[in-house]
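# Per-entry structural report
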Amino acid sequence: MSTAKNTQPTVRILADQNIPAVAHYAGPGASVSHFSGRELDSAQLAGFDVLLVRSVTRVNADLLEGSKLRFVGTATSGVDHIDREYLQHKGIGFSYAPGSNANSVVEYVLAAIATSGDHLERILTGTPVGIVGYGVIGKAVAARLRALGVHCRVYDPWLDSADIADSSSLSDVLQCGVITLHAELTRKTPWPSFHLLAATELAAIPADSLLINASRGAVVDNAALSALLARGAGPGVILDVWEGEPQISAPLLRQVQLGTPHIAGYSLDGKLLATQMLVHAMARHLNIPAINPGSAAGAAPLLQIPEGAQGPTLLRALVAQRYDIHSDDSALRAVTLDTPPAEAASAFDQLRRNYPVRREIMGSHFAADELGADARQLLATLGCEPAERKQ
């Protein structure tokens, strides 16, 4: 009787340490090692078949030349950090995770609006929300807002206006009560998004509006924004992304209403979905069996419904049970203000690397006893389901 073991080679994966549960979803047929996103160099790629990155790692010829990689994946919706032409030229498979973090960003935007004065009440009673960028995330934000009864204006010049519901000019979008940015970063003409909102555009935003940037830092000219705010002008501002990350402007952080360390898409649910998407794409490209081990997260805590809460009050209560945006703001200020830039930059990355578990409202369950029709409708709109009664 032969005692020879299966000699099928193991898939060797090198993954950013901020991509969770790679080994869980890849299964026992893979070996997984990790690296720090901003510190990867070409020597570390030796012996690996697969590289999985996030947005802080630039994947190009300088990094990959001489490697034996067969597949590269990025656990992000954006791909401006990936030289896809080089990958194609070298025959290296590629995939990304469009939409994996979309609901996380949607709920970040809801949290930003809900915590900012009466903006939530205003948009629920007719004040429009302007959306810049109508890719996967922009569409998800618009869909959720429309489902809540909010009127949207959308600007994305790269798309046919006939394909955009509520298509508007940039000038019209900038007159909205809330403006939220979800554009990819590009310098390509004729519609570069780099510094799309520069001094002139920023000055056009009404002072009682709210500007949210959860796309890329350089979509907004940070120096122009800081100068505007320094004059006591400009709208309320909430920034999740910054020019120069991880070394961000401490003066600008002092000026904005809230600042967070590029974590809008960092819910655990979104991260795990991205991992699943990449592992399945890897398996298809390498022609190896995909496995379905089930979620690595488990069920989120049951949502508690405050007695009698409805409309904006209920929405705020639900958002608060899943995400405290002020906690992220406080953490960023603590490590950035009055701190040497080099130390602050390292701390910025640490906040992202050690980000606490954040679950999403969507997919959560709630106790359904004695809830009115309006409350049930709001919960359904947010993607929640009633919990099964225990027998």
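Scroll up a little and you will see the structure.
Residues numbered from 1 in each chain as written. Predicted model: local features only at pLDDT ≥ 70, side-chain atom pairs only at ≥ 80, totals over all residues. Heavy atoms only, no water.

### Looking at the packing of helix 12 (residues 311–322) against helix 15 (residues 373–381)
What counts is decided by this rule: To obtain each axis, a line is fitted to C-alpha atoms, and for helices this fit is confined to the stretch in contact; angles are then taken between N-to-C directions over 0 to 180 degrees. Runs of E in the DSSP output that reach at least two residues are strands. Runs of H or I that reach at least four are helices, and both are numbered from the N terminus. Just so you know how the angles are binned, under 35 degrees is roughly parallel, over 145 roughly antiparallel, 65 to 115 roughly perpendicular, and the rest oblique. What makes a crossing left-handed is the near helix being turned counterclockwise from the far one by less than a right angle; a clockwise turn instead makes it right-handed. Working rule for contacts: check all heavy atoms of both residues, and any pair within 4.5 Å makes them a contact. Classification used: nonpolar for Ala, Val, Leu, Ile, Met, Phe, Trp, Tyr, Cys and Pro, charged for Asp, Glu, Lys and Arg, polar for all others including Gly.
It is at 11 Å that the axes of helix 12 and helix 15 come closest, and there the two elements cross at 45°. Comparing their axes, helix 15 and helix 12 come out oblique. Relative to helix 15, helix 12 is oriented so that their crossing is right-handed. For the pair formed by helix 12 and helix 15, the contact residues are Gly311, Leu314, Leu315 and Leu318 on the first element and Ala375, Leu378 and Leu379 on the second. Considering only residue class, the contact of helix 12 with helix 15 consists of 6 nonpolar, 1 polar and no charged.

### Let's talk about the sheet that holds strand 1 (residues 11–16)
Sheet strands associate in pairs through backbone hydrogen bonding, adopting either a parallel or an antiparallel arrangement. What counts here: Two strands make a pair as long as DSSP finds a minimum of two bridges between them.
Spatial strand order, 2-1-3-4-5: 5 strands in an open sheet with parallel pairing. Each edge of the open sheet carries a strand with a single partner, namely strand 2 (30–35) and strand 5 (93–95). Within this sheet the neighbouring strands show an average axis-to-axis angle of 15°, counted without direction. With 4 bridges connecting them, strand 3 (residues 50–53) and strand 4 (residues 71–74) associate as parallel partners. Its bridge partner lying in strand 4, leucine 52 is registered against glycine 73.

### What about helix 15?
As a reminder, the rule being used: Under the scheme applied here, a residue whose accessible area is under 20% of the maximum for its type counts as buried, over 50% as exposed, and between as partly exposed, the area being computed with a 1.4 Å probe on protein chains only. By definition, the arc is the one covered by directions from the helix axis to the C-beta atoms.
For helix 15, the full list of buried residues reads Ala375, Leu378, Leu379 and Thr381. The buried side chains of helix 15 occupy one side of the element, clustering within an arc of 160° when seen end-on. Of the residues in helix 15, the exposed ones pointing more than 90 degrees away from the buried face are Ala373 and Gln377. Looking at the packing, one finds that the buried side of helix 15 touches helix 6 (136–147), helix 12 and strand 12 (365–366).

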